[in-house]
Amino acid sequence: MSRWRRRYHGLVTRLYGPDRDTTWLTWIGDERVAVGSVPTAATIGRLAGQGVTHVVNCRSGPQTWISQDLAVERAIFGAAAVAHAPMHDHGRPQPPGRWSPAAEFAATVLDADPAARVLVHCQQGRHRSAMLAYAVLRLRGHSPAAATELITTHRTEARLLDAYTTSVERWLTTRAGT
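Since we're looking at a predicted model, the values are computed, not measured. (Residues numbered from 1 in each chain as written. Predicted model: local features only at pLDDT ≥ 70, side-chain atom pairs only at ≥ 80, totals over all residues. Heavy atoms only, no water.)

## Quick notes on the packing of helix α5 (residues 128–139) against helix α6 (residues 144–154)
Helices that pack against each other are described as a pair by the angle of their axes relative to one another and the distance between those axes.
Here's step 1: Two numbers describe how α5 lies on α6: the axes approach to 9 Å, and their chain directions differ by 135 degrees. With respect to each other, α5 and α6 are oriented oblique. The two elements α5 and α6 cross, and the hand of that crossing is right-handed. Listed contacts from α6 to Ala130, Ala133, Tyr134, Leu137 and Arg138 of α5 are Pro144, Ala147, Thr148, Leu150 and Ile151. (Axes fitted to C-alpha atoms, helices over the stretch in contact; angles between N-to-C directions. Helix = DSSP H or I, 4+ residues; strand = E, 2+ residues; numbered from the N terminus. Parallel < 35°, antiparallel > 145°, perpendicular 65-115°, else oblique. Left-handed = near helix turned anticlockwise from the far one by under 90°. Contact = heavy atoms within 4.5 Å.)

## What to know about the side chain of Thr165
Here's step 1: Relative to the elements of secondary structure, Thr165 occurs in helix α7 (residues 162–177).
Here's step 2: Given the relative accessible area of 13%, Thr165 is considered buried.
Here's step 3: Beyond its immediate stretch of four places on either side in the chain, Thr165 contacts Tyr134 and Leu160. (Buried < 20%, exposed > 50% of the residue type's maximum accessible area, 1.4 Å probe, protein only.)

## Some words on the environment of Ala107
Here's step 1: Relative to the elements of secondary structure, Ala107 occurs in helix α4 (residues 96–112).
Here's step 2: For the pair formed by Ala107 and Leu137, sequence separation is 30 residues and the distance between their alpha carbons is 7.8 Å.
Here's step 3: Discounting residues that sit within four places of it in the chain, Ala107 has contacts with Val136, Leu139 and Arg140.

## A short note on the pairing of strand β3 (residues 54–57)
Here's step 1: A two-sided burial pattern is seen for β3, the buried positions comprising His54 and Val56 on one face and Val55 and Asn57 on the other.
Here's step 2: Bridge count between β3 and strand β5 (residues 118–121): 4 bridges; the pairing is parallel. The partner of Asn57 across the bridge, within β5, is His121.
Here's step 3: Direction of pairing for β3 relative to strand β4 (residues 82–84): parallel, over a ladder of 3 bridges. Across the sheet, Val55 pairs through a bridge with Val82, a residue of β4. (Pairing = 2+ DSSP bridges.)

## Details of the sheet that holds β3
Here's step 1: Read across the sheet, 5 strands follow the order β1-β2-β5-β3-β4 without closing on themselves; strand pairing throughout is mixed. Edge positions in the open sheet fall to β1 (25–27) and β4, since each of these has one partner strand only. Mean inter-strand twist for the sheet, computed between neighbouring axes without regard to direction, equals 20 degrees.
Here's step 2: Summarising the sheet, β1 and strand β2 (residues 33–36) pair through 3 bridges and their orientation is antiparallel. Each residue of the ladder has a partner; that of Trp27, found in β2, is Ala34.

So, in structure tokens, the structure goes:
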């Protein structure tokens, strides 16, 4: 990774990064899934030390372009270990085409490799990343109530918006029908 990209990422995530009160990474029980905020220059180098092997970035395309976080994650973990679920946090239903491949990526990695540990992040680790973690837990056999409880118990900042969980449940229903 170029020194320019790393320095640029560090500067931009200081200006347009997570709130100071936001926990940068929270493991969801024993599920090997973490929910977090956008990795900053101070935290990106600590991910592997925390056991992260794969990353799902839930920030929109413009957000990742401005801060270069997706490019930095791919440079550190390798492109094959990073998925992008480009979503805006607008509180309305999320189209499955934007996030379902990333949810399936994470669930597949966790099922195939008992040593895998996946970080799912957005800007603050509240809405989009919580939704994607919910989808991963649902794909791995948790009920809606159990997935919700796991996320909200461990990630106190998380807010599972009704429109987002409904998007997941509708997708799971159509997925099961195909």
